[in-house]
Amino acid sequence: MKTTKKLMTLIMVIAMLAMIFSGCGSSSEPAAEEPAADVPTYHCITEASFPPFDTTDEDGNIVGFDMDLMNAIAEDQGFKVDYTDMVFDSLIPSVESHQYDIITAGMNAEDPERQKHVSFSDTYYDSALMVVVKEDSTVTSVDDLTTDMIVASQVGTTGADMCNSLADEKKIKSATIIDAFSDCMLQLKNGDVQAVIIDKPVAQAYINKIEGFKMVGEPMNAEAYGFAVAKDNTELLEKINAGLKNMMENGTYDKLLEKWFN
Ligand code: ARG
């Protein structure tokens, strides 16, 4: 019996020594890597019928220049983003109410009414509104639009404001305001409307892809796109501006222009 007890004691001593020299439980081993502190995810919203800024790929993913630029800013500034598609005129209320965090939608930042509700980042793309008509139209500029013509644009946009102004001034028969830019162009193709007013880069991308349409006349305004956040979200706005500056300085911005506009 005594021998067994001695043997058990010896085995326990050997096991303890093995543990100590193997480093198990030793304080000399560096602590396991602490999981990285939670990286915040900010929820972005857009209206994805506005290529090449905001559109969807064949798998239904929301993609575009805006998304690539925001993704680059997020990586640079240490946060993550995801994207949700919704009608354009719900974008500002959704961020103003803090339901979502960032508008990434080719939105004109220089609109005083909008600036009352959200804060815009530094601008990242200069644009303007243009008139788009069918290839065989005799319209050569906004001045050729007549009181028997209906003009379409996308709800909530500067283009819609322009259409409504033309209707209010009795320069056109009426304005047709539609949720998606693609549907505006469908109504133009079908002859339901005689012109569409939309942002020049989006019109150009559409005309490059689909025959039968042309842009006419001079730019009708001047716009500059910005990302938008809730007015009290100054910390996020500063991150977006810092990241945007870095992307413009390190060549990423130019690479994205090349990717989406050539
Ligand atoms: N730039 C115009 C505006 O600010 C049109 C923007 C439309 N954007 C979109 N993702 N559908 O009103």
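Scroll up to find the structure.
All residue numbers refer to positions counted from 1 along the written sequence of the respective chain. Since the coordinates come from a predicted model, pLDDT governs what is reported: local features require at least 70, and pairs of side-chain atoms require 80 or more to be given and counted, while whole-chain, interface and lining totals use all residues. Values reported for side chains reflect all heavy atoms of the structure, with hydrogen atoms and water molecules removed beforehand.

**Q** I tried to follow the pattern of salt bridges on my own but got confused; where do I start?
**A** Here the idea is simple: oppositely charged side chains can pair when their charged atoms come close. For this document, the term salt bridge refers to a Lys or Arg side-chain nitrogen within 4 Å of an Asp or Glu carboxyl oxygen. Throughout the structure, instances matching the rule amount to five salt bridges. Two residues, Arg114 and Asp111, come together in a salt bridge whose shortest N-O distance is 3.8 Å. By the burial criterion, Arg114 is buried, and Asp111 matches it. The partner of Lys245 in a salt bridge is Glu249, with the nearest N and O atoms 2.9 Å apart. With Lys245 and Glu249 both in helix 8 (residues 234-249) and four residues apart, the pair spans about one turn of that helix. For the pair formed by Lys245 and Glu249, the shared burial category is exposed. For every residue, the accessible area obtained with a 1.4 Å probe (protein chains only) is divided by the maximum for its type, and the residue is called buried under 20%, exposed over 50%, and partly exposed between those limits. A run of H or I in DSSP counts as a helix once it spans at least four residues, and a run of E counts as a strand once it spans at least two, with each numbered from the N terminus.

**Q** Got a minute to help me understand the packing of helix 2 (residues 65-77) against helix 9 (residues 252-261) in this structure?
**A** Geometry of a packed helix pair, given as the angle between the helix axes and the separation of the axes. One way to put it is that helix 2 packs onto helix 9 with a least axis distance of 10 Å and a crossing angle of 160°. Classified by the angle their axes make, helix 2 and helix 9 are roughly antiparallel. Classified by chirality, the crossing of helix 9 by helix 2 is right-handed. Residues Phe65, Asp68, Leu69 and Ala72 of helix 2 pack against Thr252, Tyr253, Leu256, Leu257, Lys259, Trp260 and Phe261 of helix 9. Throughout, the ten residues Ala, Val, Leu, Ile, Met, Phe, Trp, Tyr, Cys and Pro are labelled nonpolar, Asp, Glu, Lys and Arg are labelled charged, and all others, Gly among them, are labelled polar. For the contact of helix 2 with helix 9, the per-class residue count stands at eight nonpolar, one polar and two charged. Here an axis means a line fitted to C-alpha atoms, over the contact stretch when the element is a helix, while the angle between two N-to-C directions is reported on a 0 to 180 degree scale. What sets the label is the angle itself: under 35 degrees gives roughly parallel, over 145 gives roughly antiparallel, 65 to 115 gives roughly perpendicular, and the rest give oblique. Left-handed describes a crossing in which the near helix is turned anticlockwise from the far one by less than a right angle; the clockwise case is right-handed. Whether two residues are in contact is decided by their heavy atoms: any pair within 4.5 Å suffices.

**Q** Even after reading the chapter, I still don't get unusual backbone geometry, so can you show me in this structure?
**A** Negative phi characterises most residues that are not glycine, and trans characterises most peptide bonds. The omega torsion of the bond from Pro51 to Pro52 falls at 10°, within 30 degrees of zero and hence cis. The residue Pro52 is located in the loop between strand 1 (41-46) and strand 2 (55-56) in this model. Residue Lys170 is not a glycine yet carries a positive backbone phi of 60°. Given the relative accessible area of 63%, Lys170 is considered exposed.

**Q** Just to check I follow, could you spell out the packing of aromatic side chains for this structure?
**A** For any pair of aromatic rings, the description consists of the separation of the ring centres together with the inter-plane angle of the planes. Each Phe, Tyr or Trp ring (for Trp, its six-membered ring) is paired with any other whose centre lies within 6.5 Å, and the angle between the two planes then decides the class: stacked below 30 degrees, edge-to-face above 60, tilted in between. Enumeration over the complete set of coordinates arrives at 16 aromatic pairs. With a centroid separation of 5.8 Å and an interplanar angle of 80°, the aromatic rings of Phe65 and Tyr253 are classed as edge-to-face. Of the two residues, Phe65 is situated in helix 2 and Tyr253 in helix 9; the sequence distance between them amounts to 188 residues. The pair formed by Phe65 and Tyr253 is uniform in burial state, with each residue classed as buried. Taken together, the ring pairs connect Phe50, Phe53, Phe65, Tyr124, Tyr125, Tyr225, Phe227, Tyr253 and Phe261 into an aromatic cluster.

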